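Tertiary structure, described
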Amino acid sequence: MSAPTGDIGLIGLAVMGQNLILNAADHGFTVVAYNRTVAKVDEFLEGEAKGKSIIGAKSIEELCKNLKRPRRIILLVKAGKPVDAFIEQLLPHLEKGDIIIDGGNSHFPDSNRRFEELNKQGILFVGSGVSGGEEGARNGPSLMPGGHPDAWPHIKEIFQSIAAKSDGEPCCDWVGDAGAGHYVKMVHNGIEYGDMQLICEAYDLMKRVGKFTNKEMGDVFAKWNKGVLDSFLIEITRDILYFNDPTDNTPLLEKILDTAGQKGTGKWTAINALDLGMPVTLIGEAVFSRCLSAIKDERTTASKKLTGPEPVAITDKQQFVDDLEQALYASKIISYAQGFMLIREAAKEYGWKLNNPAIALMWRGGCIIRSVFLGEITSAFRENPDLENLLFHPFFNKAITEAQSGWRSTIGKAVASGIPVPAFTTALSFYDGYRSEVLPANLLQAQRDYFGAHTFQVLPGKENDFLKKGEWIHVNWTGRGGNVSASTYDA
Ligand code: 6PG
């Protein structure tokens, strides 16, 4: 039998899978394609794959036989059970040192588990974030691989050639051990939720307070896309606002039911932030906003029962739009600062060595959150990879300082008009909380101690015989309770 010629195998011929195969073939790699419904393989080979360096496989065995060693196999199947099922099917046909890459939106604890299980069998597992949708997969996605480090030298060339490029640099690098790649993709998706929510709030304010037409809003987004907000999501919003229903030539957007769907990756980010005790408030609000939108029937009832103010009058439309741009920009800076705070904490918690400049560069191009702004983040982290917080970097510090008045004024108008802006307001509250040396948690600690003897610590310099330095103190606030303090535990 002649030596196998396949450089990489791919399982799952839905549109993302097909496009990734075509992309790899365009870059000179021979790809072996397999799909559970085998007819799809034939269809693909006779269609778009025709004449390209793509080999069809009719079975998992055939797929594996056609691959050079170590075998490199990408799974692009539905996250969850299907990934485990395919791994099971692959194992009898693999040898030690072969590499399984899960390119789906898997939850990182699953990737941690798969990494461990496969490691015991000598198989190198990689969990890779793949972002950019169909178009990204075809022309250059953002790729975020993590897992067994021994796999990286064998997949680096393929991954970096098919990935998007930003100023000639691939938007793909090794993220870290075990589930780190899928973790970073999860945070990417959380940030994606945040960016989308911020844009939706800007749209709502322009529509309901500014009374802009869709064409006017499209023009605003077109202008924003040439400035600091230049990004894929601003660009597609411009196009969506300009898009008319061909049947009556009116904006199609206004005919779409206002209930948001979600597949759960934003929720995972918010849950993880809660688990790690990190105030990633903007992503949390973005997830809850989708939840609130989804209870449409209840909102319809409430809209008839609950009152609020009329929108304030906008006299200077240009100023309104300029302030809005600042609000969007400042809130976005907060969201990314929060995202990187979460990543920093995760690295500590899970023992990963995460590379911030590389993560920012991976998100700079190819993915859904790609933007000019991520180029600034990449530079900031390259200058100082251990930067404690994005907000401390001179560029972002200056940007958020300058954006403040427009940000506050926008939120003021929204609140006065009764228009919900949960992402804008949570970003500002975070900013004001983060820059407060003193917060009212002293009262909270006193309340906990009052009703539950949960104890508190004393401010430096305020110690005395009653309030002892460095001790956890319980006070008998009422004269009735005892002096016994409660033991602590973490739920
Ligand atoms: C990407 C996207 C993608 C995600 C969709 C839908 O990076 O290409 O993040 O992976 O699945 O955006 O997500 P929701 O259905 O949760 O909005």
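Residues numbered from 1 in each chain as written. Predicted model: local features only at pLDDT ≥ 70, side-chain atom pairs only at ≥ 80, totals over all residues. Heavy atoms only, no water.

Looking at an unreviewed UniProt entry, one finds the chain named 6-phosphogluconate dehydrogenase, decarboxylating 2 and attributed to [Candida] jaroonii.

1. Let's talk about the overall build of the chain
This is how the line gets drawn: Secondary structure is summarised from DSSP: a helix means a run of H or I of at least four residues, a strand means a run of E of at least two, and numbering begins at the N terminus for each. Buried residues are those whose accessible area, probed at 1.4 Å on protein chains only, stays under 20% of the maximum for their type, while exposed residues exceed 50% and partly exposed ones sit between those limits. Any two residues whose heavy atoms approach within 4.5 Å at even a single point are treated as in contact. Areas reported as accessible are Shrake-Rupley estimates using a 1.4 Å probe. Residue values count occlusion only from the protein chains shown. The charge count includes Lys and Arg as positive and Asp and Glu as negative, but it does not include His or the ends of the chains. Lysine's charge is taken at NZ, arginine's at CZ, aspartate's at CG and glutamate's at CD.
Within the chain one finds 19 helices and 11 strands. Each principal axis of the C-alpha atoms in the chain carries an extent, and together these give about 90 × 65 × 45 Å. Burial status across the chain gives 50% buried among its 491 residues. Once local pairs closer than 6 in sequence are excluded, the contacts in the chain between residues at least 24 apart make up 69%. Carbon together with sulfur atoms contributes 54% to the accessible area of the chain, which is approximately 23700 Å² in total. Across the chain, the centroid of the 52 positively charged side chains sits 2 Å from that of the 60 negatively charged ones.

2. So, the packing of aromatic side chains
Filter applied, for reference: Pairing of aromatic rings covers Phe, Tyr and the six-membered ring of Trp, with a centre-to-centre limit of 6.5 Å; geometry is then stacked below 30 degrees between planes, edge-to-face above 60, and tilted otherwise.
Following the criterion strictly, the structure yields 20 aromatic pairs and no others. Ring plane angle 70° and centroid distance 6.1 Å describe the contact between Tyr329 and Phe373, whose orientation is recorded as edge-to-face. Residue Tyr329 is found in helix α14 (residues 317–350), and its partner Phe373 is found in helix α16 (residues 372–383); the two are separated by 44 residues along the sequence. Accessibility assignment for this pair places Tyr329 and Phe373 in one class, buried. Ring geometry for Phe340 against Trp363: centres 5.7 Å apart, planes inclined by 50°, an arrangement best described as tilted. Of this pair, Phe340 sits in helix α14 while Trp363 sits in helix α15 (residues 356–364), and the two are 23 residues apart along the sequence.

3. Observations regarding the pairing of strand β4 (residues 72–75)
Taken residue by residue, a regular strand's side chains alternate between the two faces of the sheet. Selection rule: The criterion for strand pairing is that DSSP finds at least two bridges linking the strands in question. When the strands point away from the viewer, a crossover counts as right-handed if the route from the first strand across the helix to the second turns clockwise.
Side chains Arg72 and Ile74 project from β4 onto one buried face, and the interleaved Ile73 and Leu75 project onto a second face that is buried too. Where strand β1 (residues 8–11) and β4 come together, 3 bridges link them in parallel fashion. Opposite Ile11, over in β4, you have Leu75 as the bridge partner. Pairing of β4 with strand β5 (residues 99–102), which is carried by 4 bridges, proceeds in the parallel orientation. In the sheet register, Leu75 faces β5, and the bridge partner there is Asp102. This β-α-β element, β4 to helix α4 (residues 81–90) to β5, shows right-handed connectivity.

4. Looking at the side chain of Ser293
Tracing the backbone shows Ser293 in helix α12 (residues 281–294). Setting aside anything within four residues of it in sequence, one finds Ser293 in contact with Asp258, Thr259, Ala260 and Arg299.

5. Focus on the site of the ligand
Going by this rule: Note on terminology: near, applied to a residue and a molecule or strand, indicates that one of the residue's heavy atoms is within 4 Å of it. Nitrogen and oxygen atoms within 3.5 Å of one another constitute a polar contact, given that in protein one can donate a hydrogen and the other can accept it, and given that sequence-neighbouring residues count only through two side-chain atoms. Residues are grouped as follows: nonpolar covers Ala, Val, Leu, Ile, Met, Phe, Trp, Tyr, Cys and Pro; charged covers Asp, Glu, Lys and Arg; every other residue, Gly included, is treated as polar.
Not every one of the 13 residues close to the ligand is listed here, only the nearest: Asn105, Ser131, Glu192, Tyr193 and Arg290. In this structure, Asn105 approaches the ligand through a side-chain N or O atom, which is 2.8 Å from an oxygen atom. In isolation the ligand offers 410 Å² of accessible surface; the protein chains occlude 80% of this area. Broken down by element, the residue count for the shell around the ligand peaks at 5 residues, all from helix α8 (residues 180–208). Tallied by class, the residues present in the shell around the ligand amount to 2 nonpolar, 7 polar and 4 charged.

6. A look at the layout of surface pockets
Applied cut-off: Both site types are read off a 1 Å grid over the protein atoms alone. A 1.4 Å probe that fits but cannot get out defines a cavity, while an open set with protein on both sides within 12 Å along at least five of seven lines defines a pocket; lining residues have an atom within 4 Å of a point. Grid points are joined across faces, edges and corners, and a volume is the space filled by probe spheres set on the points.
As a volume, the second largest pocket reaches approximately 440 Å³. Along the wall of the second largest pocket there are 16 residues; nearest its centre are Ala441, Asn442, Gln457, Val458 and Leu459. A per-class count over the lining of the second largest pocket returns 12 nonpolar, 3 polar and 1 charged.

7. Here we look at the packing of α8 against α14
Our working rule: Lines fitted to C-alpha atoms define the axes, with helix axes restricted to the stretch in contact, and inter-axis angles between N-to-C directions lie between 0 and 180 degrees. Should an angle fall under 35 degrees it is taken as roughly parallel, and over 145 as roughly antiparallel, whereas 65 to 115 is taken as roughly perpendicular and any remaining angle as oblique. Each helix crossing is assigned a hand: it is left-handed if the near helix lies turned anticlockwise from the far helix by less than a right angle, otherwise right-handed if that turn is clockwise.
In the contact formed by α8 and α14, the axes pass within 10 Å of each other and the chain directions differ by 165°. By the angle class used here, α8 and α14 are roughly antiparallel. Considering only the axes of α8 and α14, their crossing is right-handed. Facing α8, whose interface residues are Tyr183, Val187, Ile191, Asp195, Leu198, Ile199, Ala202, Leu205 and Met206, α14 presents Phe320, Leu324, Leu328, Ser331, Lys332, Tyr336, Gly339, Leu342, Ile343, Ala346 and Tyr350. Its residues placed into classes, the contact of α8 with α14 shows 16 nonpolar, 2 polar and 2 charged.

8. Topic: the sheet that holds strand β6 (residues 124–131)
What the 7 strands build is an open sheet, ordered β3-β2-β1-β4-β5-β6-β7; its pairing is mixed. The open sheet terminates on both sides in strands that have one partner only, identified here as β3 (54–56) and β7 (142–147). This sheet shows a mean twist of 25° between the axes of neighbouring strands, independent of strand direction. Direction of pairing for β5 relative to β6: parallel, over a ladder of 4 bridges. Its bridge partner being in β6, Asp102 is matched across the sheet by Gly127. Sitting on the sheet, α8 touches β5, β6 and β7, and the angle it makes with β6 is about 15°.

9. Considering α12
Applicable threshold: In this analysis, the expected span of each helix is defined as 1.5 Å times one less than the number of residues it contains.
For α12, with 14 residues, the first-to-last C-alpha span of 20 Å sits near the 20 Å given by 1.5 Å per residue. Here α12 has its buried residues at Leu282, Ile283, Gly284, Ala286, Val287, Ser289, Arg290 and Ser293. Looking at the buried side of α12, the elements it contacts are α8, α11 (265–276), α13 (296–305), α14 and α18 (422–434).

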